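These are the residues of each chain, in order.
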Amino acid sequence: MEYIMLFISSSLVNNFILIRFLGICPFMGVSRSINVSVSISLAIMFVMTASSSATWLVYRLVLVPLGIQFMQTVVFILIIASLVQFVEMAIEKTSPQMHVALGIYLPLIATNCAVLGIALINAQDNRGFLEMLVFTIGSAAGMGVAQVLFAGIRERVSFSDVPQAFKGMPIAFISAGILAIAFMGFAGLVK
């Protein structure tokens, strides 16, 4: 039950994009299409899970025993950048169309503050490996849900009669704000 509550808490109650406001760049940048949003969400989920696992191991087995925890940010960034490079090469080889569709936003996963944020939060909260995995997967799933919901809203709004002053990013930010308010409704689920 503890793991289920941790998953719900990380995905809905403390959603990285809509509650913590981390990972806004791909959220706003690639949310014009549901298909692209699903793809970037899966890439972020893979990178978050792999990088959190790797950073957790490096933190516990190298940084803490050597007493150099102050190096965590630099080490975590190097691990994340390496993993993102690997994911980019894999997507380019397996799906060139998806690589083109994701464009600049795929390498930007490396600088996505949510990916680094999850690694730093896991180190700070001193979670065990299984708890860290549940928290990371829940956070990534919550980001994916927010990303896909927002893409659906943006697709629908693109066919709506929006006043000229609100077309483009203004209506996107208004929609994101309303979606964030809706996610705040989950706050009572977990204490």
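Let me begin by describing the structure that accompanies this report.

Conventions adopted
- Residues numbered from 1 in each chain as written.
- Predicted model: local features only at pLDDT ≥ 70, side-chain atom pairs only at ≥ 80, totals over all residues.
- Heavy atoms only, no water.
- Core = buried A, V, L, I, M, F, W, Y, C linked by side-chain atoms within 4.5 Å.
- Buried < 20%, exposed > 50% of the residue type's maximum accessible area, 1.4 Å probe, protein only.
- Helix = DSSP H or I, 4+ residues; strand = E, 2+ residues; numbered from the N terminus.
- Contact = heavy atoms within 4.5 Å.
- Phe/Tyr/Trp six-rings, centres within 6.5 Å; stacked < 30°, edge-to-face > 60°.
- Lys NZ or Arg CZ within 6 Å of the ring centre and 35° of its normal.
- Salt bridge = Lys/Arg side-chain N within 4 Å of Asp/Glu carboxyl O.
- Polar contact = N/O pair within 3.5 Å; in protein donor to acceptor, adjacent residues only side chain to side chain.

## Some remarks on the nonpolar core
Then step 1. Ranked by internal contacts, the top residues of the largest apolar core, which has 41 residues, are Phe16, Leu18, Phe27, Met48, Phe76, Met143 and Phe150.
Then step 2. Of all the secondary-structure elements, those providing two or more residues to this core are helix H2 (24-29), helix H3 (34-66), helix H4 (72-94), helix H6 (113-125), helix H7 (129-158) and helix H8 (169-184).
Then step 3. Here Met143 is in contact with Asn15, Phe16, Ile17, Ile44, Met48, Asn112 and Ala114, once residues within four sequence places are set aside.

## Topic: the packing of aromatic side chains
Then step 1. Inspection of the entire model under this criterion finds three aromatic pairs.
Then step 2. The cationic tip of Arg127 hangs over the ring face of Phe135; the distance from NZ or CZ to the ring centre is 3.9 Å.

## Some details on unusual backbone geometry
Then step 1. Phi is positive for Phe21, close to 60°, though the residue is something other than glycine.
Then step 2. Counting through the fold element by element, Phe21 comes out in the loop between helix H1 (2-13) and H2.
Then step 3. Given the relative accessible area of 54%, Phe21 is considered exposed.
Then step 4. Of note in this structure, Asn126 is not a glycine but carries a positive phi near 55°.
Then step 5. Examined against the element boundaries, Asn126 turns out to sit in the loop between H6 and H7.

## Considering the pattern of salt bridges
Then step 1. All chains considered together, the criterion is met by one salt bridge.
Then step 2. Asp125 is paired through a salt bridge with Arg127; the nearest N and O atoms lie 3.0 Å apart.
Then step 3. Judged by relative accessible area, which is 37%, Asp125 ranks as partly exposed.

## With respect to the side chain of Asn122
Then step 1. Looking at where Asn122 falls in the secondary structure, it is placed in helix H6.
Then step 2. For Asn122, a relative accessible area of 2% corresponds to the buried category.
Then step 3. A polar contact is formed between the side chain of Asn122 and the side chain of Thr136, at a distance of 3.1 Å.
Then step 4. The residues contacting Asn122, other than those within four sequence positions of it, are Ser52, Arg60, Arg127, Met132, Phe135 and Thr136.

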